[in-house]
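Chains, contacts and geometry: an overview
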Amino acid sequence: MHKTALVPYAHLPRAHHARHVVASTVDVFGTAHWLLTERAPQPGGDVPPFDVLMISVGADGTVERTELSAVRARWPHLDRLPDGGFVVAASRARRHEDADQVQIFDALGRETSSFSVGDAVEHLLVDEDGHLWVGHFDENPDGIHRWSATGEHTWTSDDAAIPGLFDCYALNVSGTVAWACPYTDFPLVEIRPDRPEQPVRVWANRIQGAQAVAVHGERVAFYGGYGKERDRLAHGELTETSVEPADAGVLTLPDGRLPGRRRVVGRGSRIYVQAEPYTAWGVFDLGS
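Glancing now at the overall build of the protein. Of the regular secondary structure elements, the protein holds zero helices and 25 strands. Here the C-alpha radius of gyration of the protein, 18 Å, is about what a compact globule of 288 residues would show, namely 19 Å. In terms of overall dimensions, the protein has a C-alpha envelope of 50 × 45 × 35 Å along the principal axes. Here the protein holds 288 residues, and the buried ones make up 55% of them. In the protein, the proportion of contacts linking residues at least 24 apart, taken out of those at least 6 apart, comes to 45%.

Now the structure itself:
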């Protein structure tokens, strides 16, 4: 089985390595973000609001600092809005109507609004128009939804006829388009809400268990899997109705090691991977 090495992409500046990385992501424009605290959150009990430091590193190496006040989520999802603000969201909601689950911050780090998107958030990714795409895991098999940054529900998978949509294993948001590969049937799904004649396309797929997906033209790559296939990078070709498997290998860190515990983000043709201690992002680009 051949190996493909990630290409180094973005690094947290060393001056901030003493802080705890609560969350990190790469946004739709390619900027990497780290949400930092002085110490690691502790399990159990309520979390009082705490201030965090957001470090953003652009593809050109430019570094920005933003202080966010009164963050409430212990282990949050985060992303950046096109206007320079940020979204910070708790994966769990105590109640479906919990208005504190998603916090919207402006570019100065001040909270401007909050709302709920439902319990068991597995993915939260912002697109180029500022929509929030949310995929849920199986403790709330609520599918895939799109929200505005003001909390308006703008699209739902409820009537989209996506087979076996029980847990959104993989979600990729690029431009204003989302791609998904959900459990249990693992179809490849393209979602374009602004294409009214066919907002959803579905391809049957035999590659199971991927945690990230990348798409470039008629080619697709799936990263991850069950058991010994945890580090698998499987390639496929799109036909009219299905994904036809091609070759498969292993995706490694730039130095050839397997990543172990990691975070992954899918953006168009790219899969970004970040391994512990979560200070560096590497990238695989299907289009390169």
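Attention now moves to the sheet that holds strand β20 (residues 219-223). Read from one edge of the open sheet, five strands run β1-β22-β21-β20-β19, paired in mixed fashion. Among the strands making up the open sheet, the edge pair consists of β1 (3-5) and β19 (212-216). On average, adjacent strands in this sheet sit at an angle of 30° to one another, irrespective of strand direction. As judged from the three bridges shared by β1 and strand β22 (residues 243-252), these two strands associate in the parallel manner. Bridge pairing links Thr4 to Leu251 in β22.

Before going further, it helps to examine the nonpolar core. Counting 31 residues, the largest nonpolar core has Trp34, Trp133, Ile144, Leu171, Ile191 and Trp281 as the members making the most contacts within it. Elements that contribute at least two residues to this core include exactly β2 (7-11), β3 (20-26), β4 (32-37), β5 (50-57), β15 (167-174), β16 (177-183), β17 (188-191) and β25 (280-285). Counting residues in each nonpolar core, the second largest holds 17 residues, with Cys181, Ile207, Val213 and Val215 among its members.

What follows deals with the sheet that holds β5. Strand order in the open sheet formed by four strands is β3-β4-β5-β6, with antiparallel pairing between adjacent strands. In this open sheet, the two strands that pair with only one neighbour each are β3 and β6 (63-71). On average, each strand axis in the sheet is tilted by 20° relative to the strand beside it, whichever way the strands run. Summarising the sheet, β5 and β6 pair through seven bridges and their orientation is antiparallel. Of the residues in β6, the one forming a bridge with Phe50 is Val71.

As a further point, take the pairing of β20. Buried residues dominate β20, accounting for four of its five residues. Across five bridges, β19 lies against β20 in antiparallel orientation. If you follow Ala214 over to β20, its bridge partner there is Ala221. Connecting β19 to the antiparallel partner β20 that follows it, the hairpin turn spans two residues, and Gly217 within it adopts a positive phi of roughly 60°.

This brings us to the environment of Gly130. Looking at the secondary structure, you find Gly130 in the loop between β11 (121-126) and β12 (132-136). Gly130 has contacts with Leu81, Pro82 and Ala149, leaving out every residue within four places of it along the chain.

Right, let's get into unusual backbone geometry. The phi torsion of most residues other than glycine is negative, and most of the peptide bonds are trans. Put simply, Glu276 and Pro277 share a cis peptide bond, and its omega is 5°. Here Pro277 shows up in the loop between β24 (270-275) and β25. Residue Ala120 is not a glycine yet carries a positive backbone phi of 65°. Non-glycine residue Phe186 carries a positive phi angle of around 55°. Assessed through its relative accessible area of 1%, Phe186 is described here as buried.

We now examine the pattern of salt bridges. All told, the structure shown has 16 salt bridges when counted by the stated rule. A salt bridge links Glu190 to Arg192, with the shortest nitrogen-to-oxygen separation between them at 2.7 Å. Put simply, Asp255 and Arg257 hold a salt bridge, and the shortest N to O gap is 2.7 Å. A single salt-bridge network, built from bridges that share partners, covers Arg72, Asp100 and Glu111.

Reading guide: rules and limits
Residues numbered from 1 in each chain as written. Predicted model: local features only at pLDDT ≥ 70, side-chain atom pairs only at ≥ 80, totals over all residues. Heavy atoms only, no water. Helix = DSSP H or I, 4+ residues; strand = E, 2+ residues; numbered from the N terminus. Rg over C-alpha atoms; globule rule 2.2 N^0.38 Å. Buried < 20%, exposed > 50% of the residue type's maximum accessible area, 1.4 Å probe, protein only. Contact = heavy atoms within 4.5 Å. Pairing = 2+ DSSP bridges. Axes fitted to C-alpha atoms, helices over the stretch in contact; angles between N-to-C directions. Core = buried A, V, L, I, M, F, W, Y, C linked by side-chain atoms within 4.5 Å. Salt bridge = Lys/Arg side-chain N within 4 Å of Asp/Glu carboxyl O.

By themselves, these are just geometric observations and shouldn't be taken as functional.
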